[in-house]
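If you want the building blocks of each chain, they are given just below.
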Amino acid sequence: VPATLIDGRAVAAKVRAEVAEEVEQLGSLGLATVLVGDDPASDVYIRHKHRAATEIGIRTVDRRLPGDIAQDDLLALVEDLNADDELDGVLVQTPLPDHLDELKVLAAVRPEKDVDGLTPRNAGQLLLGRPAHVGATPLGIMRLLTEYKIRIAGARATVVGRSNIVGKPLSLLLLGGHATVTICHSRTEDLQRQTLDADILVAAVGQPGLITEDMVKTGATVIDVGITRTDAGLLGDVDPGVAGVAAYLTPVPGGVGPMTIAVLLENTVRAAKYRRGLLPFA
Ligand code: NAD
């Protein structure tokens, strides 16, 4: 039996409908994005985020800065956005150019507005088991697992990729859900040995075809986060042959990607609640 495809577009539509209702109740909401330089992939993501926000009535601010901006000027801009009372969420699109200290810039975002969960405060809250803002991609993946009633507690979960934006926070969320979590990365020896054991296998690398069917346990749930642009379209990290062994699989496109956008809107609503005292922050 081929794997059931997890329909990220459908779940994302459901999330957007929930968020739209909350936006209506909360009144005016604002989300600012900051893009440094002109990376075409980042430009596409930013445009998707703005379109989705605008569609449900969230006001957006699109700040674009030259790739050679000085760190202090960028920090000053972040401070302006922090202080702007019309803005609930502030998102600095990564990766930043090499001359900038990315962690320092991200840490400058006011924690209540940090919808990507990349400030030390929010990352620390997640580590300590009391998450406040957590990034949209890991949260979106957890929502997919819940919607499809995939068992997390007691399951073996292997996360391939250890980035601050996907692999690490997702591993902590799975741990918080009582999975037994293994984190793999570029220096992992014998990746197959780790992946074959997984009831839930997440690939967040950016290398098409990295996960082949001989690396997947029969009946596993496979979450493909990878996005690589090719002439043939978008490719995930998971080889199509995996559909022959997995029970559940997220397609690329149409799996994790739409969830990231929808959950960012949800995070903006949460930010608005923090700022208005409707939800205690951390
Ligand atoms: P990253 O480059 O920051 O991290 C990649 C990770 O993969 C690293 O931790 C590295 O150690 C690991 N890695 C590299 N080669 C490996 C190998 N051969 N075996 C095992 N691990 C290896 O990337 P990221 O920002 O975490 O993104 C990962 C992928 O997910 C990219 O393709 C990105 O475009 C995609 N992405 C998708 C969404 C979405 O919404 N669908 C969101 C964010 C990122």
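Residues numbered from 1 in each chain as written. Predicted model: local features only at pLDDT ≥ 70, side-chain atom pairs only at ≥ 80, totals over all residues. Heavy atoms only, no water.

**Q** What is the right way to look at the pattern of salt bridges in this model?
**A** Side-chain pairing between opposite charges can occur once the charged atoms of the two side chains come close. For the coordinates displayed, the defined rule picks out 14 salt bridges. Ionic pairing is found between aspartate 43 and arginine 47, a salt bridge with its closest N-O pair at 3.1 Å. Here the residue aspartate 43 and the residue arginine 47 both occupy positions in helix H2 (residues 40–55), the gap between them amounting to 4 residues, near one helical turn. Assessed through its relative accessible area of 46%, arginine 47 is described here as partly exposed. Where salt bridges share partners, they join Lys14, Glu18, Arg143, Glu147 and Glu266 into one cluster. (Salt bridge = Lys/Arg side-chain N within 4 Å of Asp/Glu carboxyl O. Helix = DSSP H or I, 4+ residues; strand = E, 2+ residues; numbered from the N terminus. Buried < 20%, exposed > 50% of the residue type's maximum accessible area, 1.4 Å probe, protein only.)

**Q** Help me out: how do you make sense of the packing of H2 against helix H9 (residues 256–275) in this one?
**A** Relative orientation and spacing of two packed helices are given, respectively, by the angle between their axes and the distance between those axes. The interhelical angle for the contact between H2 and H9, taken along N-to-C directions, is 55 degrees, at an axis separation of 10 Å. Viewed along their axes, H2 and H9 adopt a mutual orientation that is oblique. Both H2 and H9 take part in a crossing whose hand is right-handed. On the side of H2, the interface is formed by His48, Lys49, Ala52 and Ala53, while H9 contributes Ile261, Leu264 and Leu265. (Axes fitted to C-alpha atoms, helices over the stretch in contact; angles between N-to-C directions. Parallel < 35°, antiparallel > 145°, perpendicular 65-115°, else oblique. Left-handed = near helix turned anticlockwise from the far one by under 90°. Contact = heavy atoms within 4.5 Å.)

**Q** What am I meant to see in the sheet that holds strand E5 (residues 156–160) here?
**A** Sheet strands pair via backbone hydrogen bonds, and the direction of the pair is either parallel or antiparallel. The parallel open sheet is built from 6 strands, whose spatial order is E1-E11-E8-E7-E5-E6. Each end of this open sheet is capped by a strand with a single partner; those strands are strand E1 (4–5) and strand E6 (180–184). One ladder, built from 4 bridges, connects strand E7 (residues 200–203) with strand E8 (residues 221–224); its direction is parallel. Bridged to alanine 203 within E8 is aspartate 224. (Pairing = 2+ DSSP bridges.)

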